[in-house]
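Listed below, chain by chain, are the residues.
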Amino acid sequence: MSETVWQGETVKAWLASRFAASQVDQDRADRRGRDYEDDYDKAAAEEFVCRLARVHPSVEDQARFGAYLKELLDRDEYNRTGVYSERRFEREVKAYLRKLIKMTKANAGFENTSHFQKD
């Protein structure tokens, strides 16, 4: 647990910036064609998670938000139209949720709103 206080507004801003970045990444991958279908699915997974998480009321409380993310991770399937590979999309959703759960648990990384981020 980090010594800093949970800032729900900072987390919402981070989720909004990642949501916007994922849309740009999807557009870019879509224009590049068939060789970039996996990039499209990865960006679509990020958009999917950020879309759900940024509007959920639990984002204001670290423990509740972490529990909500774990609940999402425990789902059996994730539905989104327009992806190239449902299996790859679901794998990327789970990976992104695990990343977000780690960030939430550590209360770290939400201040970085740059487009390209290290995983």
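Please refer to the structure higher up on the page.
The following paragraphs examine the structure supplied in this document. (Residues numbered from 1 in each chain as written. Predicted model: local features only at pLDDT ≥ 70, side-chain atom pairs only at ≥ 80, totals over all residues. Heavy atoms only, no water.)

### A look at a negative patch on the surface
- Taken together, Glu71, Asp74, Asp76, Glu77 and Glu86 make up a surface patch of like negative charges.
- Position of glutamate 77 among the secondary structure elements: in the loop between helix 3 (62-73) and helix 4 (86-106). (Patch = residues over 30% accessible without salt bridge, like charges linked within 9 Å, V, L, I, M, F, W, Y side chains within 5 Å. Areas by Shrake-Rupley, 256 points an atom, 1.4 Å probe, with all protein chains shown as cover. Salt bridge = Lys/Arg side-chain N within 4 Å of Asp/Glu carboxyl O. Lys, Arg positive; Asp, Glu negative; His and termini not counted. Charge placed at Lys NZ, Arg CZ, Asp CG, Glu CD. Helix = DSSP H or I, 4+ residues; strand = E, 2+ residues; numbered from the N terminus.)

### Some thoughts on the packing of helix 3 against helix 4
- Contact pair helix 3 / helix 4: the axes reach a minimum separation of 10 Å and the direction vectors enclose 165°. The angle between helix 3 and helix 4 places the two elements in the roughly antiparallel class. Crossing angle aside, the handedness with which helix 3 passes helix 4 is left-handed. Between helix 3 and helix 4, the residues in contact are Gln62, Phe65, Gly66, Leu69, Lys70, Leu72 and Leu73 and Lys94, Leu97, Arg98, Leu100, Ile101, Thr104 and Lys105, respectively.
- Of the residues in the contact of helix 3 with helix 4, the class split is 7 nonpolar, 3 polar and 4 charged. (Axes fitted to C-alpha atoms, helices over the stretch in contact; angles between N-to-C directions. Parallel < 35°, antiparallel > 145°, perpendicular 65-115°, else oblique. Left-handed = near helix turned anticlockwise from the far one by under 90°. Contact = heavy atoms within 4.5 Å. Nonpolar A, V, L, I, M, F, W, Y, C, P; charged D, E, K, R; others polar.)

### Re the nonpolar core
- If you look at the biggest cluster of nonpolar residues, it comprises 29 residues, and the most contacted ones within it are Leu15, Phe65, Leu69, Phe89, Val93, Leu97 and Leu100.
- For this core, the secondary structure elements donating two or more residues are helix 1 (8-32), helix 2 (37-55), helix 3 and helix 4. (Core = buried A, V, L, I, M, F, W, Y, C linked by side-chain atoms within 4.5 Å. Buried < 20%, exposed > 50% of the residue type's maximum accessible area, 1.4 Å probe, protein only.)

### What to know about unusual backbone geometry
- One non-glycine residue, asparagine 107, adopts positive backbone phi at about 55°.
- Looking at the secondary structure, you find asparagine 107 in the segment after helix 4.

### Notes on the environment of tyrosine 96
- By the secondary structure assignment, tyrosine 96 is in helix 4.
- Note on tyrosine 96: relative accessible area 10%, which makes it buried.
- Once the C-alpha coordinates of tyrosine 96 and proline 57 are considered, the two residues, 39 residues apart in sequence, prove to be 20 Å apart.

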